[in-house]
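Here is what each chain is made of, one letter per residue.
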Amino acid sequence: MAGAHASLASRAQAAQPRAPAAPRALPPRAPAGGRRRAAPPRAAAANGGGLSYKAAGVDIDAGDELVRRIQKLNPSIGGFSGLVPFGDSFLVAGTDGVGTKLKLAFDMNKHDTVGIDLVAMSVNDIVTSGAQPLFFLDYYATGALDVDAAEQVIKGIVEGCRQSGCQLLGGETAEMPGFYQKGEYDLAGFAVGAVKQDKVITGKTIAAGDVVLGMASSGVHSNGFSLVRKVLEVSGTSLHDPCPWAPGQSFGAVLLEPTIIYVKRVLELHEKVGLKGVVHITGGGMTENIPRVIPKGLGVDIDAGAWELPPLFRWLQEKGRIADAEMRRTFNCGVGLVAVVPASAVPAALEADEGLFVLGKVVEGSGVSFV
């Protein structure tokens, strides 16, 4: 490709296998029938003056439409990751980035955690199939290479790989003068894992009566930051202002808390109880992500009082006057990963992972309702 390239610590390129491609939570608000969105994106004025993801510049509906068009070209696409048979196993691949959370890293001049986010976004996707990540590759692009900042990013990537039990196999550093603002860069990551064919998690056996379990998030993770930055702007809050619920920390430090890597917890839980479905709660929140693994004819009732809405999300909703449905469609709201198990397996699951909590149940119907 055009432009100067640089290598960091022998980051050799490697060919990757090709795969097809204070209140308790939010007040209940159940969508009426159909596997529809919790609410359509709305402009700020349509939300009683409150903010929305679309008003902040991100149109989820446009993204959904692109996915629909891609699926017409390749019907196998649509899950959290792509699978291809390999002997008695599946190779599982996923790719993602960090999004506009990078803007916070630039403003805070703190680059040692976004690499963890980068790894997390891909490995959390492929573990939804029950796959152990094997290796990871990264792409780091910038206008003018800042070696110190890049080194901090790579240190985070190495840490993310350590947490997920995979190897940083290689990557690409692209220096493209004039393409990025001074002091800025972009990141992309690619993970490949493997799972035995008789251990793959597909969601196909999920049935009414199964139980939905949740794992807490560490914060916003790596989705919704365009809306986060808009809330900061309209509320007049600086990233350097002290965070009232996190003594000794600034808003920037709290918001840069890296995405939790769930790989080891999911794999251990799957080994002990056998998971029917796993959902990584990313862009679209529980509202849009859970239906991706639930068979047709089934829906999920989420107990809105099952977990405490973290202070960060309460603050975002209050300062941005964000509607409940918009919150649920944009953010993880404190739940970073969801697993589905038979009701009979719930006691063993809760014993195996003390951080789990019962979030809801699978029911006849469609979509996600908060009750």
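Worth saying up front: this structure is predicted, and the values here are computed from it rather than measured.

**Concerning helix α4 (residues 147-164)**
And then number 1: The end-to-end C-alpha distance of α4, which contains 18 residues, comes to 26 Å, matching closely the 26 Å that a straight helix rising 1.5 Å per residue would cover.
And then number 2: Regarding α4, the residues found buried are Ala149, Ala150, Val153, Ile154, Gly156, Ile157, Gly160, Cys161 and Ser164. Down the axis of α4, the buried set is contained in an arc of 155 degrees. They therefore lie on one face. Projecting away from the buried face of α4 at angles above 90 degrees are the exposed residues Asp148 and Arg162.
And then number 3: Contacts from the buried residues of α4 go to α3 (114-126), β4 (132-142), β5 (167-175), β6 (185-196) and α7 (263-273).
And then number 4: Near the N-terminus of α4, the side chain that reaches the backbone nitrogen of Asp148, with its oxygen 3.1 Å away, is that of Asp146.
And then number 5: At the exit of α4 stands Gly165, carrying a positive phi of roughly 75 degrees.

**Focus on α7**
And then number 1: Every buried residue of α7 is listed here: Val263, Val266, Leu269, His270 and Val273. Projection of α7 onto a plane perpendicular to its axis shows the buried side chains occupying an angular sector of 140 degrees, all on one side. Relative to its buried face, α7 has exposed residues pointing more than 90 degrees away, namely Glu271 and Lys272.
And then number 2: Where α7 ends, the next residue or the one after it, Gly274, has phi of about 75 degrees, a positive value.

**Side note on the pairing of strand β11 (residues 357-364)**
And then number 1: Note: strand β7 (residues 211-216) against β11, four bridges, orientation antiparallel. Counted as the bridge partner of Gly214 is Phe357 from β11.
And then number 2: For strand β9 (residues 298-302) and β11, the ladder comprises five bridges, and the chain directions are antiparallel. Across the sheet, residue Val300 finds its bridge partner in β11, namely Val362.

**Side note on the sheet that holds β7**
And then number 1: Pairing in this open sheet of six strands is mixed, and the strands run β8-β10-β7-β11-β9-β12 from one edge to the other. With one partner strand each, in any of the chains shown, β8 (277-280) and β12 (368-370) form the two edges of the open sheet. Sheet twist, expressed as the average angle between the axes of neighbouring strands with direction ignored, equals 25 degrees.
And then number 2: Across six bridges, the pairing between β7 and strand β10 (residues 335-341) is antiparallel. The residue of β10 that forms the bridge with Val211 is Val341.
And then number 3: Running over the sheet, α7 touches β7, β8 and β10 and is turned about 150 degrees from β7.

**Some details on the packing of α3 against α4**
The geometry of a pair of packed helices is captured by two quantities: the angle between their axes and the separation between those axes.
And then number 1: Contact geometry of α3 with α4 gives a least axis separation of 6 Å together with a crossing angle of 40 degrees. On the basis of their axis angle, the class for α3 and α4 is oblique. Taken as a pair, α3 and α4 cross one another with a handedness that is right-handed. Two secondary-structure elements touch here, α3 through Val114, Gly115, Ile116, Leu118, Val119 and Val123 and α4 through Val153, Gly156, Ile157, Glu159, Gly160, Cys161, Gln163 and Ser164.
And then number 2: Looking at the contact of α3 with α4, its residues break down into eight nonpolar, five polar and one charged.

**Comments concerning the confidence of the model for the chain**
And then number 1: Residue-level pLDDT values for the chain average 86, and 81% of them are 70 or greater.
And then number 2: Below a pLDDT of 50 lies the segment residues 1-46, which in the model reaches 121 contacts outside its immediate sequence neighbourhood of four places, other chains included.

**Considerations on the environment of Ala131**
And then number 1: Counting through the fold element by element, Ala131 comes out in the loop between α3 and β4.
And then number 2: Using a relative accessible area of 0% as the deciding quantity, one classes Ala131 as buried.
And then number 3: Along the chain, Ala131 and Val192 lie 61 residues apart, while their C-alpha atoms are 8.7 Å from each other.
And then number 4: Setting aside residues up to four positions removed in sequence, Ala131 forms contacts with Val92, Ile126, Gly193, Ala194, Val195 and Leu267.

**Regarding the environment of Gly97**
And then number 1: Looking at the secondary structure, you find Gly97 in strand β3 (residues 89-97).
And then number 2: Since its relative accessible area comes to 17%, Gly97 is described here as buried.
And then number 3: Each residue touching Gly97, except ones within four places of it in the same chain, is listed here: Leu118, Met121, Leu187 and Ala188.

**Examining the nonpolar core**
And then number 1: Tyr185, Leu187, Val220, Leu255, Leu275, Leu316 and Phe331 are the most contacted members of the largest nonpolar core, which totals 72 residues.
And then number 2: Mapped onto the domain boundaries, this core takes at least three residues apiece from domain 1 (79-200) and domain 2 (201-370).
And then number 3: In this structure Leu255 touches Lys101, Leu104, Val220, Phe225, Val228, Leu232, Leu239 and Leu312, once residues within four positions along its chain are discounted.
And then number 4: In this structure, Phe80, Met286, Val335 and Phe370 belong to the second largest nonpolar core, which totals 22 residues.

**Here we look at the packing of aromatic side chains**
For any pair of aromatic rings, geometry is given as the distance between the ring centres together with the angle between the planes.
And then number 1: For the structure shown, the criterion picks out seven aromatic pairs.
And then number 2: An aromatic cluster is present here, built from Phe106, Tyr140 and Tyr185 joined pairwise through their rings.

Conventions adopted
- Residues numbered from 1 in each chain as written.
- Predicted model: local features only at pLDDT ≥ 70, side-chain atom pairs only at ≥ 80, totals over all residues.
- Heavy atoms only, no water.
- Helix = DSSP H or I, 4+ residues; strand = E, 2+ residues; numbered from the N terminus.
- Expected span 1.5 Å × (residues − 1).
- Buried < 20%, exposed > 50% of the residue type's maximum accessible area, 1.4 Å probe, protein only.
- Arc of directions from axis to C-beta.
- Contact = heavy atoms within 4.5 Å.
- Polar contact = N/O pair within 3.5 Å; in protein donor to acceptor, adjacent residues only side chain to side chain.
- Pairing = 2+ DSSP bridges.
- Axes fitted to C-alpha atoms, helices over the stretch in contact; angles between N-to-C directions.
- Parallel < 35°, antiparallel > 145°, perpendicular 65-115°, else oblique.
- Left-handed = near helix turned anticlockwise from the far one by under 90°.
- Nonpolar A, V, L, I, M, F, W, Y, C, P; charged D, E, K, R; others polar.
- pLDDT = per-residue confidence, 0-100.
- Core = buried A, V, L, I, M, F, W, Y, C linked by side-chain atoms within 4.5 Å.
- Domains from an automatic or database assignment.
- Phe/Tyr/Trp six-rings, centres within 6.5 Å; stacked < 30°, edge-to-face > 60°.

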